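Each chain, written out:
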Amino acid sequence: MPAEGDEMHEPNPSPGDLPRLAGAALTLLRERGPRVHCITNTVAQNFTANVLHAVGCVPSMTISPDEIGQFVASADALLVNLGTFDAERRAAIEIAVQAAAGNGISWVLDPVLINRSPARADFARKLIAAVPKVVRLNTAEFAELAGRAGGAETVPDYARGNGCVIALSGATDLISDGERHAAIANGHPLMAKVTAMGCAGSALIAACLAVEADVFRAAAAALLLLGIAGEIAAGSAKGPGSFAVAIIDALYALDGATLIKHARVS
Amino acid sequence: MPAEGDEMHEPNPSPGDLPRLAGAALTLLRERGPRVHCITNTVAQNFTANVLHAVGCVPSMTISPDEIGQFVASADALLVNLGTFDAERRAAIEIAVQAAAGNGISWVLDPVLINRSPARADFARKLIAAVPKVVRLNTAEFAELAGRAGGAETVPDYARGNGCVIALSGATDLISDGERHAAIANGHPLMAKVTAMGCAGSALIAACLAVEADVFRAAAAALLLLGIAGEIAAGSAKGPGSFAVAIIDALYALDGATLIKHARVS
Amino acid sequence: MPAEGDEMHEPNPSPGDLPRLAGAALTLLRERGPRVHCITNTVAQNFTANVLHAVGCVPSMTISPDEIGQFVASADALLVNLGTFDAERRAAIEIAVQAAAGNGISWVLDPVLINRSPARADFARKLIAAVPKVVRLNTAEFAELAGRAGGAETVPDYARGNGCVIALSGATDLISDGERHAAIANGHPLMAKVTAMGCAGSALIAACLAVEADVFRAAAAALLLLGIAGEIAAGSAKGPGSFAVAIIDALYALDGATLIKHARVS
């Protein structure tokens, strides 16, 4: 949990402040090494764990009902990712979300591919009613969530109506808590050619929530870290294989000055 | 599903045509971005997803009984891989194969390590009776399948008898539908030093089935893509770790002229 | 299983002999290609399989109760890793340990994160009563095991009391069977920044048990291989992403002379 009195708790930053705040969050991640418990799909687990390690976090990933409550209660943040949506994983999610609520632990929902599965979309809606701090998703997934609410609800409306921050990934990432908005134009097309890149973004949001109490800033910080690391990685990559390796190296090497230099936020 | 009138639907190509047809299939993969649903073992999932992304496909990997039917029904091809053979995965396979049959979706069977497990071999035989378009496997796995049928059944006999294409991986890959045969001498010994390389080959066959209606050509195209990418990757790799990265880069960079230049098909 | 009369069965080597013995074990791994069955967490599976392939082994990873007995019975060593501690995995472990005992197959326990989960710690204690040859773990995990036994039991005492070798990973690895002790100062800080590195170390211990009957030497050999490969990998890595790739290349390229040159054992 972020300590009271963090220098980062300034009200209403302008978008121009976000790169500096992202650098401050990165410094805190490396200093504190927060524990991030991830319920995530088996495709994404290894990459997600390495992304979290690269920014200084300690990931854990159990889904056993006998122990997930304890893991979450002793974690600093929680990721709930709906990919590979098996029965034990769903049971684990319910226990984990309850443990997070009971212990004041922030959590992020990544409703992977709900546009392909009504059962998964229903489960996602039920989870959003339990109020994750952030929902990170892509356009097709957002359309599935917001479309059902009766017409094309906007991202800010949906965020305000559900009391969470929406982080919408795309060529430009959009982040909104209903009042504040940021558009992050960082990133690289190769990010869409590597599996679990979005899942890793959600994990980084969970990580930032462990050190930054302002949810909007935490979400923006995480997507800035990933987008800028992606641009740097693309500079040396020969294709999506070497890109997936290089983005972990780039996250590990990132610093505040690089974030400020590369950020394209409006 | 391949559109009617694809330029690729020429009858009975000579082996010399296969490299050109593989290039045409690769172009279609990149243009159409087919969805390939993969039921595959947890060891192979990440690498398989990245291999599919590298050739332009959209992979999905859920095994939840509540949603796999919908995922398969909205996919363009299906892979059924028997590694990490747990109970939920078997239930998922039965639903998926039924959904594939009901929606005219081609599927590939990869009977991983059936030579080590009678239970798995029995399950594979039951699945072959449901007529996958292609069975991709290695020599020990084929011996387990074909040996039981009473003596050393040949690859063409087994393919003819079971109404499917057999793609037998090895130093030289053999592909047969019982009438047509191809031997692909591409590939590199490092491919046997990286886990899930065979699984990735099966996933590429599923991908090619989504754009090439001639099953024999689709299987040959996929193994040509992988074998030639392996040769290119070996040129820059320092060992199996960097090879696994480089083969994804090589698949991403492949083009028709490179396929024709490198192919060793007879 | 190691053949009778292996040149390696010399009694009580001095620590100075261990690098040479590690080289001999590596040679045997590549000559014999032992089968190593791994019950390991889904985060670690792919990396573990590639580490085992890099030293010449044949990994398998099923956890299906219907077949794991057969896989273990036809394996040369077994790894039991408690990460991602789900119900089916626990059932598989019980069958596997019984099959190992019944067939004289050596096994290694990796009690991942038992310090975070009482249920997992209890399960680990039950498994240690079934006498694994080696328990590999870190300091926090050892404290959880040894602390319960009434005060700060030392590593040699715990090893002697439980009839197994303890391999304690850290900046310096400590290996003890209660009588003999070795401290291995090889390795690199980047090893702690890559997920599943400890799990891979445990898998390498299982591999070495398949070719070296002296359990203490097998454990020391495995951690020497990994630590020295880590140092070599760090020489070319740009961060933890490229390090995870390079350590597999380094394991693949290791030889006896390099082990002797780099080893720091006391």
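The structure under discussion appears in the preceding block.
All of the points below concern the structure found in this document. (Residues numbered from 1 in each chain as written. Chains lettered and ligands numbered in written order. Predicted model: local features only at pLDDT ≥ 70, side-chain atom pairs only at ≥ 80, totals over all residues. Heavy atoms only, no water.)

1. Quick notes on the overall build of chain A
Right, so step 1: Tallying secondary structure elements over chain A gives 11 helices and eight strands in all.
Right, so step 2: A compact globule built from 266 residues would reach a C-alpha radius of gyration of about 18 Å, and chain A, at 17 Å, matches this within 12%.
Right, so step 3: Projected onto its principal axes, the C-alpha coordinates of chain A cover approximately 45 × 45 × 40 Å.
Right, so step 4: Expressed as a percentage of contacts within chain A between residues at least 6 apart in sequence, the contacts between residues at least 24 apart total 72%.
Right, so step 5: Put simply, chain A shows about 8600 Å² of open surface, and 54% of that area lies on carbon and sulfur atoms. (Helix = DSSP H or I, 4+ residues; strand = E, 2+ residues; numbered from the N terminus. Rg over C-alpha atoms; globule rule 2.2 N^0.38 Å. Contact = heavy atoms within 4.5 Å. Areas by Shrake-Rupley, 256 points an atom, 1.4 Å probe, with all protein chains shown as cover.)

2. Side note on the side chain of Asp177 of chain A
Residue and element names in this part refer to chain A.
Right, so step 1: Here Asp177 is to be found in the loop between strand 7 (173-176) and strand 8 (181-184).
Right, so step 2: Of the polar contacts made by the side chain of Asp177, one reaches the backbone nitrogen of Glu179; its length is 2.9 Å.
Right, so step 3: A distance of 2.6 Å separates a polar atom in the side chain of Asp177 from the backbone nitrogen of Arg180.
Right, so step 4: Excluding anything up to four places from it in sequence, Asp177 contacts Ala159, Arg160, Cys164, Val165 and Phe216. (Polar contact = N/O pair within 3.5 Å; in protein donor to acceptor, adjacent residues only side chain to side chain.)

3. Some remarks on the interface of chain B and chain A
Right, so step 1: Taken together, the 24 residues of chain B in the interface contact 25 residues of chain A.
Right, so step 2: A combined buried area of about 2100 Å² lies between chain B and chain A, and 54% of that area is made up of carbon and sulfur atoms.
Right, so step 3: Counting the contacts that link chain B with chain A gives two salt bridges.
Right, so step 4: For Asp66 of chain B, the salt bridge goes to Arg90 of chain A, with nearest N and O atoms at 2.5 Å.
Right, so step 5: Joining chain B to chain A, the criterion identifies 13 residue pairs in polar contact (both at pLDDT 80 or more). (Buried area = accessible area lost by both parts, 1.4 Å probe. Salt bridge = Lys/Arg side-chain N within 4 Å of Asp/Glu carboxyl O.)

4. Overview of the relation of the copies chain B and chain A
Right, so step 1: If you rotate chain B by 120° and push it 0.0 Å along the axis, it lands on chain A with an RMSD of 0.0 Å. The superposition operator between the copies reduces to a three-fold rotation axis. Considering only C-alpha atoms, the part of chain B nearest the rotation axis is Thr42 of chain B, at 3.7 Å.
Right, so step 2: Residue by residue, only 8% of the interface of chain B is reproduced at the interface of chain A, so the copies engage with different surfaces. (Least-squares fit on C-alpha atoms with pLDDT ≥ 70 in both.)

5. With respect to the sheet that holds strand 1 (residues 35-39) of chain B
All names here are of chain B.
Right, so step 1: Spatially, 2-1-3-4-5-6-7-8 is the arrangement adopted by the eight strands of the open sheet, whose pairing is mixed. One side of each edge strand has no neighbouring strand; the edge strands of this open sheet are strand 2 (58-60) and strand 8 (181-184). Averaged over all pairs of adjacent strands, the angle between strand axes in this sheet comes to 15°, irrespective of strand direction.
Right, so step 2: Judged from the four bridges that link them, strand 1 and strand 3 (residues 77-81) form a sheet pairing that is parallel. When the sheet's bridge partners are listed, Val36 is paired in strand 3 with Ala77.
Right, so step 3: The sheet contacts of helix 6 (residues 139-147) involve strand 5 (134-138) and strand 6 (165-169), and relative to strand 5 the element is tilted by about 120°. (Pairing = 2+ DSSP bridges. Axes fitted to C-alpha atoms, helices over the stretch in contact; angles between N-to-C directions.)

6. Concerning the packing of helix 10 (residues 240-253) of chain A against helix 10 (residues 240-253) of chain C
Right, so step 1: Interaxial distance between helix 10 of chain A and helix 10 of chain C falls to 6 Å at its minimum, and their mutual angle equals 130°. Relative to helix 10 of chain C, helix 10 of chain A is oriented oblique. Along its contact with helix 10 of chain A, which presents Val245, Ile248, Asp249 and Tyr252 of chain A, the element helix 10 of chain C presents Pro240, Gly241, Ser242 and Val245 of chain C.
Right, so step 2: When grouped by side-chain class, the residues that make up the contact of helix 10 of chain A with helix 10 of chain C number five nonpolar, two polar and one charged. (Parallel < 35°, antiparallel > 145°, perpendicular 65-115°, else oblique. Nonpolar A, V, L, I, M, F, W, Y, C, P; charged D, E, K, R; others polar.)

7. Considering the packing of aromatic side chains
Residues and elements named next belong to chain A.
Right, so step 1: If you walk through the whole model with that rule in mind, you get three aromatic pairs over all chains.
Right, so step 2: The interplanar angle of 80° and the centroid separation of 5.6 Å between the aromatic rings of Phe142 and Tyr158 together place this pair among those described as edge-to-face. Here the residue Phe142 occupies a position in helix 6 (residues 139-148), and Tyr158 occupies one in helix 7 (residues 155-162), the gap between them amounting to 16 residues. Take Phe142 and Tyr158: they sit in the same class, and that class is buried. (Phe/Tyr/Trp six-rings, centres within 6.5 Å; stacked < 30°, edge-to-face > 60°. Buried < 20%, exposed > 50% of the residue type's maximum accessible area, 1.4 Å probe, protein only.)

8. A word on the sheet that holds strand 8 (residues 181-184) of chain C
All names here are of chain C.
Right, so step 1: Across the sheet, which stays open at both edges, the eight strands sit in the order 2-1-3-4-5-6-7-8 with mixed pairing between neighbours. Two strands bound the open sheet, and with one partner strand each, they are strand 2 (58-60) and strand 8. The sheet shows a mean angle of 15° between the axes of neighbouring strands, direction not considered.
Right, so step 2: Across four bridges, the pairing between strand 7 (residues 173-176) and strand 8 is antiparallel. Considered in strand 8, the bridge of Ile175 is made with Ala182.
Right, so step 3: Most of the contacts of helix 8 (residues 197-209) go to strand 4 (residues 107-110), to which it runs at about 165°, and overall it touches strand 1 (35-39), strand 3 (77-81), strand 4, strand 5 (134-137) and strand 6 (165-168).

9. Focus: the interface of chain A and chain C
Right, so step 1: The interface is formed by 24 residues belonging to chain A together with 25 residues belonging to chain C.
Right, so step 2: Carbon and sulfur atoms make up 54% of the area that chain A and chain C hide from each other, which totals about 2100 Å².
Right, so step 3: Taken together, the connections running from chain A to chain C amount to two salt bridges.
Right, so step 4: Among the salt bridges present, the one from Glu67 of chain A reaches Arg120 of chain C, with a minimum N-O distance of 2.7 Å.
Right, so step 5: Counting across the chain A and chain C interface gives 13 residue pairs in polar contact (both at pLDDT 80 or more).
Right, so step 6: Listing elements by their share of the side of chain A that touches chain C, those giving two or more residues are helix 2 (45-54), helix 3 (68-73) and helix 10 of chain A.
Right, so step 7: Broken down by element, the residue count for the side of chain A that touches chain C peaks at six residues, all from helix 2 of chain A.
Right, so step 8: A breakdown of the residues in the side of chain A that touches chain C according to their chemical character gives eight nonpolar, 11 polar and five charged.

10. A short note on helix 4 (residues 87-103) of chain A
Each α-helix winds once per 3.6 residues, and so residues spaced three or four apart point in a common direction.
Residues and elements named next belong to chain A.
Right, so step 1: Taking 1.5 Å per residue, 17 residues should reach 24 Å; helix 4 reaches 25 Å between its end C-alpha atoms and fits that length.
Right, so step 2: Among all positions of helix 4, only Arg89, Arg90, Ala92, Ile93, Ala96, Val97, Ala99 and Ala100 are buried.
Right, so step 3: Elements that come into contact with the buried residues of helix 4 comprise strand 1 (35-39), helix 2, helix 3, strand 3 (77-81), strand 4 (107-110) and helix 5 (118-129).
Right, so step 4: Remark: Gly104 follows helix 4 within two positions and exhibits a positive phi of approximately 65°. (Expected span 1.5 Å × (residues − 1).)

11. Here we look at the environment of Asn186 of chain C
Residues and elements named next belong to chain C.
Right, so step 1: Position of Asn186 relative to the elements: it lies in the loop between strand 8 and helix 8.
Right, so step 2: Taking C-alpha positions, Asn186 is 5.8 Å from Ile228, a pair spaced 42 residues apart along the chain.
Right, so step 3: Not counting the four nearest positions on each side in its chain, Asn186 is found in contact with Ala171, Leu224, Gly227, Ile228, Glu231, His262, Ala263 and Arg264.
Right, so step 4: Within the structure, the side chain of Asn186 is placed 2.8 Å from the backbone oxygen of His262, a separation counted as a polar contact.
Right, so step 5: Within the structure, the side chain of Asn186 is placed 2.8 Å from the backbone nitrogen of Arg264, a separation counted as a polar contact.

12. Quick notes on the pattern of salt bridges
Residues and elements named next belong to chain C.
Right, so step 1: Evaluated as defined, the whole model comprises 36 salt bridges over all chains.
Right, so step 2: The shortest N-O distance in the salt bridge between Arg217 and Asp214 comes to 3.3 Å. Neither residue differs from the other here; Arg217 and Asp214 are each classed as buried.

13. Remarks on the environment of Ala213 of chain B
Right, so step 1: Counting through the fold element by element, Ala213 of chain B comes out in the loop between helix 8 (197-209) and helix 9 (215-236).
Right, so step 2: As a C-alpha pair, Ala213 of chain B and Asn41 of chain B span 172 residues in sequence and 27 Å in three-dimensional space.

14. Let's talk about unusual backbone geometry
All names here are of chain B.
Right, so step 1: Of note in this structure, Leu113 is not a glycine but carries a positive phi near 55°.
Right, so step 2: Within the secondary structure, Leu113 is located in the loop between strand 4 (107-110) and helix 5 (118-129).
Right, so step 3: Residue Leu113 is classed as partly exposed on the basis of its relative accessible area of 23%.
Right, so step 4: The backbone of Val131 shows a phi angle near 60°, a positive value even though the residue is not glycine.
Right, so step 5: Mapping Val131 onto the fold places it in the loop between helix 5 and strand 5.
Right, so step 6: Residue Val131 is classed as partly exposed on the basis of its relative accessible area of 41%.

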